[in-house]
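# Topology and contacts: notes
These are the residues of each chain, in order.
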Amino acid sequence: MPSQQSEHPDDRLARLRGPQPPQPYTARKITALTANPACARRAVLDAAGVDKALLAQQVGYEPRFGQSPFALAREQAFHSLVKWGSYAELIRLLREQLSVPVAEAHVTDLNEVGGNTALHLRERETRRLIAHVASGQDIRLILDRPVLTLQVAGRTAYLEPDALTHRIEGKFHVVLIRSFAAIDGQANPTAVAEAAKQAAVYVLALHRAFETASLPTEQISHEFLLVCPKDFSNRPYGRLIDLRQELDALQFQLSRLRRAEDLAAQLPGTATLDTARSAGELSSSIEALDASYTPSCLSFCEMARYCRDEADGCASPARLGSGVRNDLPGIDSTRTALDYLDGVAAPGEAEAEAVDLLRAAARLRRLRRRAA
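Residues numbered from 1 in each chain as written. Predicted model: local features only at pLDDT ≥ 70, side-chain atom pairs only at ≥ 80, totals over all residues. Heavy atoms only, no water.

## Section: helix H13 (residues 334-342)
- Capping the start of H13, serine 333 holds a side-chain oxygen 3.1 Å from the backbone nitrogen of arginine 335, two or three residues further along.
- Immediately downstream of H13, the backbone of glycine 343 shows phi near 80°, a positive value. (Polar contact = N/O pair within 3.5 Å; in protein donor to acceptor, adjacent residues only side chain to side chain. Helix = DSSP H or I, 4+ residues; strand = E, 2+ residues; numbered from the N terminus.)

Encoded structure:
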């Protein structure tokens, strides 16, 4: 597996991961990270390239989600179909449904550069081609598997969208190929929303490439092209989807992420995230990283069940959801909150407002029970 970037010998994050090969950043990981930007634990694990599913197993927690082998095989088969014959199906789609004036159909394969698959070489070639196309020196309908970069928590993430196309109204569009079906032109809204979040990651990375090359970003579309099977066949179907809302949200969340290097620097010198080490060593290192667990983590993080049990153990209000956590500022335990309500302990000035709200809620609950 290609490395995310050249690692300096003193790279603290690489030393934490140990000799295991790094897991690359993906758009899916970035959208999950930005869904909970306060979680230092996930930020460090992703930046260090730790295999979170394997780490969870090593500390006794089997991840319970992820794409099934059947779904992965179906997606790979659909990718192959769309790309068969130098993107023949995608080119047909661009002509028939998006009125692309295809006098030629130049496709450049960026899966390798001169037989070399190194990410930094492919990224450099992608930037060169984008600059030529954007300035009108060259024509390309499709860039197959380009490589773009994006700064995430102070690290450079190398990202590989399925394709870029440059012919729809003269703008660059990110292309995503997914295997969920569009029935009568409508696909599963949850699946489309997830694809849109990932497409927003690629569009932001494309903006970075343009800005680095001093190119006008007006040439980048705020829509992406989603390609999926039509109805119950494998016939590719395409639709442009607006991303402006996702782009605004993603930019804001990325700006809130703390530098992973700074977070890792707070760990003790003996800390390790090497999945070959003992469960005890791993657990003590994991617990040294602050987690920000909420129930929604169960849908996107491999470490969620570990963090849930940890939150249970310390009676964290976040265990009941981000709404409860936000309603109890300054109170880090539901046991403490109950002590305040029962008069066992007195709240300080910082907790007084939250405790007043709790008492009002308790009174309302008692009144409703009497009325029932």
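## Structural notes on the packing of aromatic side chains
- This structure, assessed with the given rule, holds two aromatic pairs.
- Centre to centre, the rings of tyrosine 61 and tyrosine 306 are 5.4 Å apart; their planes meet at 75°, and the pair counts as edge-to-face. One end of the pair, tyrosine 61, is in the loop between helix H4 (52-58) and helix H5 (69-98); the other, tyrosine 306, is in helix H11 (residues 304-313), with 245 residues separating them in the sequence. (Phe/Tyr/Trp six-rings, centres within 6.5 Å; stacked < 30°, edge-to-face > 60°.)

## Notes on the side chain of aspartate 274
- Of note, aspartate 274 is situated in the loop between helix H9 (260-265) and helix H10 (279-287).
- Although aspartate 274 is buried, it forms no salt bridge, and the closest oppositely charged side chain is arginine 277 at an N-O distance of 4.6 Å.
- Separated by 3.1 Å, the side chains of aspartate 274 and glutamine 20 make a polar contact.
- When sequence neighbours within four positions are dropped, the list of residues in contact with aspartate 274 reads Leu16, Arg17, Gly18, Pro19, Gln20 and Leu282. (Buried < 20%, exposed > 50% of the residue type's maximum accessible area, 1.4 Å probe, protein only. Lys, Arg positive; Asp, Glu negative; His and termini not counted. Salt bridge = Lys/Arg side-chain N within 4 Å of Asp/Glu carboxyl O. Contact = heavy atoms within 4.5 Å.)

## Thoughts on the environment of phenylalanine 210
- Checked against the element boundaries, phenylalanine 210 lands in helix H7 (residues 189-212).
- Remark: the alpha-carbon pair of phenylalanine 210 and alanine 134, spanning 76 residues in sequence, is separated by 9.0 Å.

## What about the nonpolar core?
- The biggest cluster of nonpolar side chains holds 80 residues, and the ones touching the most others in it are Ile130, Val152, Leu206, Phe224 and Met303.
- Considering each element in turn, this core owes the most residues, 13 residues, to H7.
- If we skip the residues at most four places from it in the chain, leucine 206 touches Ile130, Leu148, Leu164, Phe172, Val174 and Ile220.
- Ranked by size, the runner-up nonpolar core spans 17 residues in total, among them Phe78, Leu90, Leu93 and Leu225. (Core = buried A, V, L, I, M, F, W, Y, C linked by side-chain atoms within 4.5 Å.)

## Re the packing of H7 against helix H8 (residues 244-256)
- Relative orientation of the contacting elements H7 and H8 amounts to 70°, with a least axis distance of 9 Å. Looking at the two axes, H7 sits roughly perpendicular to H8. When the axes of H7 and H8 are compared, the crossing they make is right-handed. Taken together, the residues of H8 that come into contact with H7 (itself represented by Ala196, Lys197, Ala200, Val201, Val203 and Leu204) are Glu246, Leu247, Leu250, Gln251 and Leu254.
- Of the residues assigned to the contact of H7 with H8, the class counts are eight nonpolar, one polar and two charged. (Axes fitted to C-alpha atoms, helices over the stretch in contact; angles between N-to-C directions. Parallel < 35°, antiparallel > 145°, perpendicular 65-115°, else oblique. Left-handed = near helix turned anticlockwise from the far one by under 90°. Nonpolar A, V, L, I, M, F, W, Y, C, P; charged D, E, K, R; others polar.)

## Focus on the confidence of the model for the protein
- Scored by pLDDT, the protein has a mean of 88; 95% of the residues are at 70 or more.
- Averaged over each element, pLDDT in the protein is lowest for helix H12 (residues 322-327) (77) and highest for strand S3 (residues 148-152) (96).
- Contacts from residues 1-6, a stretch scored under 50 in pLDDT, to residues over four places away or in other chains number 15 contacts. (pLDDT = per-residue confidence, 0-100.)

## What to know about the pairing of S3
- The element S3 is largely enclosed, with a buried count of four among its five residues.
- As paired elements, S3 and strand S4 (residues 155-159) share five bridges and run antiparallel to each other. Residue pairing across strands places leucine 148 opposite leucine 159, the latter belonging to S4.
- Linkage of S3 to S4, two consecutive antiparallel strands, is achieved through a turn of two residues, within which alanine 153 is found at a positive phi near 50°. (Pairing = 2+ DSSP bridges.)

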